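Coordinate analysis (summary)
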Amino acid sequence: MAYAYLFKYIIIGDTGVGKSCLLLQFTDKRFQPVHDLTIGVEFGARMITIDGKQIKLQIWDTAGQESFRSITRSYYRGAAGALLVYDITRRDTFNHLTTWLEDARQHSNSNMVIMLIGNKSDLESRREVKKEEGEAFAREHGLIFMETSAKTASNVEEAFINTAKEIYEKIQEGVFDINNEANGIKIGPQHPTTNSTLSGNQGGQQAGGGCC
Amino acid sequence: MSDSEAPAAPEVSTEVSTEDGSPAETPDRSSPTTPDNSTDVAPTRKARRRPEIQPVADVKEKPKVEEQPAEAPTPSQSTVSQGGWGYWGSWGKTILSTATATVATVGQGLTQVIEKAETSLGIPSPTELSARVEEEQKEQAECREVPRDSSAAVESAFGMLSSLTSVVQSTGKTMITGGLDALEFIGKKTMDVIAEGDPGFKKTKGLMNRNSTLSQVLREAKEREEQQTAETESSDSEKKMVAHYGMLFDEFQGLSHLEALEILSRESESKVKSVLTTLSGDERVQLRADLELIKESFSLVEFDDEEVDEKKDEDGSEFERELTESLEGLSVTATKEKLSKACRSTCNQITDMTKPEQEEEGSEEGVKKTLSVEDVHTAAIRSLAELTARSIELFHKLAEMILFSNSSTEASALSQLTVVLCKEISLLSKKFTSCLTTAGSNEKGDVLNPLITGVFLEASNSASYIQDAFQLLRPIVEISHIQRSAESTEQ
């Protein structure tokens, strides 16, 4: 139950690209072909292990509809990671990536790790966007890239976990200030903190939150 | 601890009562009407109030009914009516100080502390209270033709709690009345106690005062529970009690929805403020008047506690109907469905808990006895956590829909919704405690009381969270109003 870190993720991208399905596959390991349109934001959470440490991913799955954009933008702030999703069978969803990226960068912190995801890789016959194009876009904008299938679960775990690994590395490198929660990272209740004031607290109190 | 989006807007309306012990804080945070010194005013008010309740109950009841409740719980009843009320004002404080002296951890530690306070002050024990409720409910079933009687009787059973309410009501403005409110009083105290009893927490209190939001406080509580669980995992004796509201609430995504709602609320609030600064003259006066009206409808949440006890609503269908009614025209069907479903399953659970025992006392007793008080307690805490999380989710979705559709949403409809939700929490907590009493008829008081107190406490907390979430909608309704009037003048 207890975790060393909590990372906040957002999932963004055009409507119908499979954001909610990716989340469901990751949290519940199942695929639901017909999904209600997401209103505003929905949530999912799962515990993963990186480097022997328990990390809780708290995932904010946003609505893709344009009309919800002004609301969902509010949720970007304080995310440590973002999954930017497009549909490999719909060229337009790929074309909109630049707008999504600008939006994300503008409304979140600069260190946010962004994973570009070309979803629906199982529909090879209907492919409109080549894998190379996705790779090129990711390289150009400094993103990690992966093609996934929420339906077959291919690469879904990897997409979420690799993003977490990247965030974790940034923490180790000191890029992220883990004491600033605007970065979307929270230290878990049992994690020994480096902050002297806080560790003082914990020494004297079994129930010390260990957070700040 | 400080939340991800906290730094930007520290002085938002969502601050939680960690800084002082004012019990009036929750219901009236946004309303200027409740003074902080209400605790001190309380004793006299209560002393006056108590006699008011008793006669009402007496007059309404048939003589036969009247005698029973008066006889059965004699010790506590007499303590209560004879000058025991003088203690009431200090009761809350006593909890606070006792708890501060003890190491108060969420849940178990606290309930024990409170139980201690109860016994030492001669307050009717939760077991007795709950037993009385049950008794009244039985009577209610017997004399269905006069439902008002029993409701009055239940009210008298809850008299101890109701009179606590007057603390909250000291300004005369009625917030949610009756037993639940008193529970909330205890609940808010709990939060304070948690804050006070934990030095580690205290040290960070300076930050909390300015930056804390409800979701942060909850998150903290949850973390402490997690840690507690981790620590007590090895010691079996402690393990039994572990049904952690905060952790369950988070499991049902209550925290996330609350956090998201807070974000929307905060952003709307600052938008409203900036609109106000750009306006001048008549426009500004007009808007201020409009906002005042909205504010008012957010401060007047009333409901008649008698209703809560009158109806049984065994399968949750009544709740569903009321919920549907209050949500009419608001497009949140999916979320409403989730909440109804949670309620239905809770009701089924309660039915399962109560029915078999009554019907098959002789034959299958051995089998039925497998349901321990801990099981019932766990089910109760879990249900309360789920229903509360779903309620918060509903408010969050409503907020999104209001912002999204920008359609006119009457604040009164939202306050009606709040009432429906709080009533349901109140009703279910009463049902659960009576299940507890039944299941624990062979248990000693020191086993049963903390469990019952625990359920009441979490029910009270649940109601607080729901009301807080309701308050978070205010800036959203305000900004929606501003946008709509801007649109209409443009045309």
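This text goes with the structure placed above it.
Residues take numbers from 1 onward in each chain, read along the sequence in its written order. To label them, take the chains in the order written and letter them from A, then take the ligands in the order written and number them from 1. Only residues with pLDDT of at least 70 get local features here, since the model is predicted, and only at 80 or more are side-chain atom pairs given and counted; chain-wide, interface and lining totals rely on the full set of residues. The basis for every side-chain value is the complete set of heavy atoms in the structure, and neither hydrogens nor water enter the calculation.

Stacked, edge-to-face and tilted are the three classes for Phe, Tyr and Trp ring pairs, Trp counted by its six-membered ring, which pair at centre distances within 6.5 Å; planes under 30 degrees apart are stacked, over 60 edge-to-face, the rest tilted. Using the criterion set out here, one finds 13 aromatic pairs over all chains in the structure. Look at Phe68(A) and Phe404(B): their rings are 4.0 Å apart centre to centre, the planes differ by 10°, and that puts the pair in the stacked class. A residue pair is termed interchain when its members come from two chains, as with Phe68(A) in the loop between β3 (53–62) and α2 (69–73) and Phe404(B) in helix α22 (residues 373–405). Exposed residues in this analysis have more than 50% of their type's maximum accessible area, buried residues have under 20%, and partly exposed residues fall in between, with area computed by a 1.4 Å probe over protein chains only. Residue classification places Phe404(B) among the partly exposed residues on the basis of a relative accessible area of 30%. Here the aromatic rings of Phe249(B) and Tyr465(B) are separated by 6.1 Å at their centres, their planes lie at 40°, and the arrangement is tilted. Of this pair, Phe249(B) sits in helix α15 (residues 245–251) while Tyr465(B) sits in helix α24 (residues 445–490), and the two are 216 residues apart along the sequence. Strands are runs of DSSP state E lasting at least 2 residues, helices are runs of H or I lasting at least 4, and numbering of each runs from the N terminus.

Quick look at helix α6 (residues 156–173) of chain A now. All names here are of chain A. Expected span of a helix: the number of residues minus one, times 1.5 Å. Between the first and last C-alpha of α6 there are 26 Å, a value that for 18 residues agrees with the 26 Å anticipated at 1.5 Å per step. Turning to α6, its buried residues are Val156, Ala159, Phe160, Ile161, Thr163, Ala164, Ile167, Tyr168, Lys170 and Ile171. Within two residues after α6, Gly174 carries a phi angle of roughly 85°, on the positive side.

As a further point, take the layout of surface pockets. A water-sized probe rolled over the atoms picks out the places where empty space is left. Think of a 1 Å grid over just the protein atoms. A cavity is a set of points where a 1.4 Å probe fits yet cannot get out, a pocket is an open set with protein on both sides within 12 Å along at least five of seven lines, and lining residues have an atom within 4 Å of a point. Grid points are joined across faces, edges and corners, and a volume is the space filled by probe spheres set on the points. Looking at the largest pocket, its volume works out to about 1,200 Å³. Along its surface, the largest pocket is lined by 42 residues, and Glu42(A), Phe43(A), Gly44(A), Gln253(B) and Lys338(B) are the ones closest to its centre. At the level of elements, α1 (19–28), β2 (41–50) and β3 of chain A together with α13 (214–232), α15, α16 (254–278), α20 (333–359) and α22 of chain B are the ones that each hand at least two residues to the lining of the largest pocket. When residues in the lining of the largest pocket are grouped by element, the largest group, six residues, is from β2(A). Taken together, the residues that form the lining of the largest pocket break down as 13 nonpolar, eleven polar and 18 charged. As a working rule, the residues Ala, Val, Leu, Ile, Met, Phe, Trp, Tyr, Cys and Pro are called nonpolar, Asp, Glu, Lys and Arg charged, and the rest polar, with Gly in that last group.

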